[in-house]
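Residue-level listing of the chains:
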Amino acid sequence: MTTFSTTKQHKNLNDRLDQILPKIESEDFLKNQGLGNEIGFYVFDYPAESELTVREHLAFITDKLTKRGRNFASINLFEAILELLDSRNLTERAFKVQKERGDDALFNALKGPLEQNRVAEFIASKIDLGADNQAQTEFILLHGLGSAWPIIRGHGLLNALHAKVGNVPTVLFYPGEYDGTALKPFGRIESNNYYRAFKLVP
């Protein structure tokens with residue numbers, strides 16, 4: 001029973017992964033059409049244990065998109081917060097706090113420097129939003145959340161990004177469950193963090 005269930009779940013994920021590329025290259029997605037005046041923010045949720053499968057597929061589609069000449073931003077959130085810490089000369093201090101005082105102390109120490117609005121501003125700074133008549137970023141792919149959690153929370157980051165990225169369609173790859181209103185990290189942690197976005201692939 002468990003083997004059958006796992007195999008079915010794996011097949012379902014592969015089917016959903018195969019739908020990502022056609023979806024993000026569709027005119028409806030790129031032009032924010034058919035959203036009822038809502039912002040084009042999307043969530044692709046997946047079982048946390050399938051992280052490596054999703055990473056491999058992301059590498060595949062980003063390579064395809066690059067070869068097709070798409071102008072997009074693919075941002076690893078864990079790498080982004082490391083870069084943000086480096087830019088403020090806080091990385092070594094963070095390592096020292098974790099080593100000497102533990103994870104809880106590190107989390108508390110980073111709440112200020114890595115507040116969601118600051119992370120959102122940092123991400124927006126990496127995106128071509130059309131300044132100086134340059135080509136605009138067509139869409140944004142956000143991934144690596146599992147490695148950055150709980151410093152970065154999905155709902156908090158998306159809320160903070162709303163005012164930063166304009167109408168650029170944005171997809172958050174989410175290791176957990178999203179039912180259209182609530183994000184459940186890793187599919188195991190109950191959350192009251194409600195967020196309104198579209199499921200990229202049902």
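Novice: Any chance you could explain the packing of aromatic side chains here in plain terms?
Specialist: Each pair of aromatic rings is reported with the distance of its centres and the angle of its planes. Tallied over the full model, the rule gives six aromatic pairs. Taking the centre distance of 5.8 Å and the plane angle of 40 degrees together, the rings of Y42 and F198 count as tilted. With Y42 in strand 1 (residues 41-46) and F198 in strand 6 (residues 198-199), this pair connects stretches of sequence that are 156 residues apart. Taking the relative accessible area as the measure of exposure, Y42 reaches 3% and is therefore buried. When the centroid spacing of 5.7 Å and the interplanar angle of 50 degrees are considered together, the rings of F44 and F173 count as tilted. Of this pair, F44 sits in strand 1 while F173 sits in strand 4 (residues 170-178); the two residues are 129 residues apart in sequence, bridging distant segments of the chain. What makes F173 buried here is its relative accessible area of 1%. One aromatic cluster is present, formed by F29, Y42, F72, F139 and F198 through successive ring pairs. Above the plane of the ring of F44 lies R16, whose end atom (NZ or CZ) is 4.3 Å from the centre.

Novice: Got a minute to help me understand helix 9 (residues 154-161) in this structure?
Specialist: Most of helix 9 sits inside the fold, with seven of its eight residues counted as buried. Among the residues of helix 9, G154, H155, G156, L157, L158, A160 and L161 are the ones counted as buried.

Novice: Mind showing me how you'd approach the pairing of strand 4 here?
Specialist: Note on strand geometry: in a regular strand, side chains alternate between the two faces of the sheet. Most of strand 4 sits out of view: eight of its nine residues are buried. Across six bridges, strand 1 lies against strand 4 in parallel orientation. Of the residues in strand 4, the one forming a bridge with V43 is L172. With three bridges joining them, strand 4 and strand 5 (residues 183-185) adopt antiparallel strand pairing. Note that in strand 5 the partner of Y178 across the bridge is L183. The turn linking strand 4 back onto strand 5 is made up of four residues, and G180 within it adopts a positive phi angle of 100 degrees.

Novice: Please clarify how the pairing of strand 3 (residues 139-143) should be interpreted in this entry.
Specialist: In terms of burial, strand 3 is a largely internal element, five of the five residues being buried. Side-chain alternation along strand 3 places F139, L141 and H143 on one buried face and I140 and L142 on a second face that is also buried. Summarising the sheet, strand 2 (residues 72-76) and strand 3 pair through five bridges and their orientation is parallel. The partner of S74 across the bridge, within strand 3, is L141.

Novice: Would you mind going over the nonpolar core with me for this structure?
Specialist: Nonpolar side chains in soluble globular proteins tend to be buried together. Grouped together as the largest cluster of nonpolar side chains are 37 residues, with contacts concentrated most on I75, L77, I123, L142 and L157. If one sorts the elements of this core by residue count, helix 4 (residues 77-87) sits on top with five residues. Ranked by size, the runner-up nonpolar core spans 22 residues in total, among them I24, L35, L58 and V171.

Rules and cut-offs
Residues numbered from 1 in each chain as written. Predicted model: local features only at pLDDT ≥ 70, side-chain atom pairs only at ≥ 80, totals over all residues. Heavy atoms only, no water. Phe/Tyr/Trp six-rings, centres within 6.5 Å; stacked < 30°, edge-to-face > 60°. Helix = DSSP H or I, 4+ residues; strand = E, 2+ residues; numbered from the N terminus. Buried < 20%, exposed > 50% of the residue type's maximum accessible area, 1.4 Å probe, protein only. Lys NZ or Arg CZ within 6 Å of the ring centre and 35° of its normal. Pairing = 2+ DSSP bridges. Core = buried A, V, L, I, M, F, W, Y, C linked by side-chain atoms within 4.5 Å.

None of this, on its own, says anything about what the molecule does.
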